[in-house]
Amino acid sequence: MVLQEKKEALAGVSGSTLSSGIDLWLKRTDKAIINKWYKAHETKPGAYHKDRGEGYDPYHVGGSRGTGGIGVWENDSLLVSNNFTASRTLADGPLRTVFELDYAPWSPYEIKETKRVTLDLGSNFSKFEIGLSSDKEVPNYTVGITLHKNEGEGAINKEEGWFRHWETIDSSKVGEGIVLVAYNSTKCHNLQIRCCRIRATF
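Along each chain, residue indices are assigned from 1 in the same order as the chain's sequence is written. Local features are withheld for residues below a pLDDT of 70 in this predicted model, meaning they are given only at 70 or higher, and side-chain atom pairs are given and counted only at 80 or more; totals for whole chains, interfaces and linings count all residues. Excluding hydrogens and water, the side-chain figures rest on all heavy atoms present in the structure.

Digging into helix α2 (residues 34-43)
Then comes step 1: Whether a residue is buried, partly exposed or exposed follows from its accessible area with a 1.4 Å probe, protein chains only, as a fraction of its type maximum: under 20%, in between, or over 50%, in that order. A helix here means a DSSP run of H or I that spans at least four residues, while a strand means a run of E at least two residues long, and both kinds are numbered starting from the N terminus. Among the residues making up α2, those that are buried are Ile34, Trp37, Tyr38 and His41. Taken around the axis of α2, the buried residues stretch over an arc of 95°, which confines them to a single face. Turned more than 90 degrees from where α2 packs its buried face, Asn35, Lys39, Glu42 and Thr43 sit exposed. Note that the arc is computed from the directions linking the helix axis to the C-beta atoms.

What follows is the structure, given as structure tokens:
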């Protein structure tokens, strides 16, 4: 699936994006349907952006962090990786799919990034394990959620380390959140970040 997205973005297909942001799809079924949706997309581009009873992809990531993407915040600018440069499948169902994505070193800090994505059949959650490393001292790592048109409702608690965002996409209510655990270190060379993406069922 991700290889197809990258191929289309490089070919300049309308609506495709080169981005390391994390997407969110809405499903109405417990069945495994990603391959089916992408198969339909091959004959009718953009097919998975329309709900035909099983769900669809209405969540626009673009150049944002999507729902939990990583970056470095420096001088009022967000530094991020581009599309992945290598991929490998570690497990291919039927109950669990696991794959990894590698990214070219990015930012002036030449950060190396690897995402491991785990999808379990019947689960409302996808698991993202993001490994980040650099030979240079990195000032921070940030995680973000796109606010789209700023029409949603957000709240943040800096003391407890969480952020949540609710918005309406078409007729669906979509809730996302970030919870951070304190990390005490003056150097962030090998920080392992784990985050989850909520896949809404309705």
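Looking at unusual backbone geometry
Trans is the prevailing form of peptide bonds, just as negative phi is the prevailing case for residues other than glycine.
Then comes step 1: Each neighbour pair has its own omega, and for Gly93 with Pro94 the value is 10°, a cis peptide bond.
Then comes step 2: Its place among the elements puts Pro94 in the loop between β5 (86-92) and β6 (96-106).
Then comes step 3: At Ser107, a position not held by glycine, the phi torsion is positive, near 70°.
Then comes step 4: Mapped onto the secondary structure, Ser107 falls in the loop between β6 and β7 (111-120).
Then comes step 5: Residue classification places Ser107 among the partly exposed residues on the basis of a relative accessible area of 22%.

Focus on the confidence of the model for the protein chain
For residues with low pLDDT, the predicted coordinates do not support detailed interpretation.
Then comes step 1: Here the protein chain averages 81 in pLDDT, and 81% of its residues register 70 or above.
Then comes step 2: In the predicted structure, residues 185-202 sits below a pLDDT of 50 and forms 61 contacts with residues beyond four places in sequence or in another chain. A score between 0 and 100, pLDDT records how confident the predictor is in each residue. Note on definitions: a residue-residue contact is assigned when non-hydrogen atoms from the two residues lie within 4.5 Å.

What about the sheet that holds strand β11 (residues 162-169)?
Then comes step 1: Read across the open sheet, the three strands follow the order β10-β11-β12; overall the sheet is antiparallel. Two strands bound the open sheet, and with one partner strand each, they are β10 (153-157) and β12 (172-179). On average, each strand axis in the sheet is inclined to that of its neighbour by 10°, with strand direction left out of account.
Then comes step 2: Any two strands with at least two DSSP bridges between them are considered paired. The pairing of β10 with β11 spans five bridges and is classified as antiparallel. Note that in β11 the partner of Ala155 across the bridge is Arg164. Angular values range over 0 to 180 degrees, each being the angle between N-to-C directions of two axes fitted as lines to C-alpha atoms, with helices fitted over their stretch in contact.

Some details on the pairing of strand β8 (residues 125-133)
Then comes step 1: With eight bridges joining them, β7 and β8 adopt antiparallel strand pairing. Of the residues in β8, the one forming a bridge with Val117 is Phe128.
Then comes step 2: Counted between consecutive antiparallel strands, the loop separating β7 from β8 contains four residues, among which Gly122 sits at a positive phi close to 85°.

Some details on the sheet that holds strand β4 (residues 77-79)
Then comes step 1: Strand order in the open sheet formed by three strands is β4-β3-β9, and the pairing between neighbours is antiparallel. Looking at strand neighbours, the two that pair on one side only are β4 and β9 (142-145), the edges of this open sheet. Across the sheet, the axes of successive neighbouring strands diverge by a mean angle of 55°, strand direction being ignored.
Then comes step 2: Relative to β4, strand β3 (residues 67-74) runs antiparallel, the two being bridged by three bridges. Of the residues in β4, the one forming a bridge with Trp73 is Leu78.

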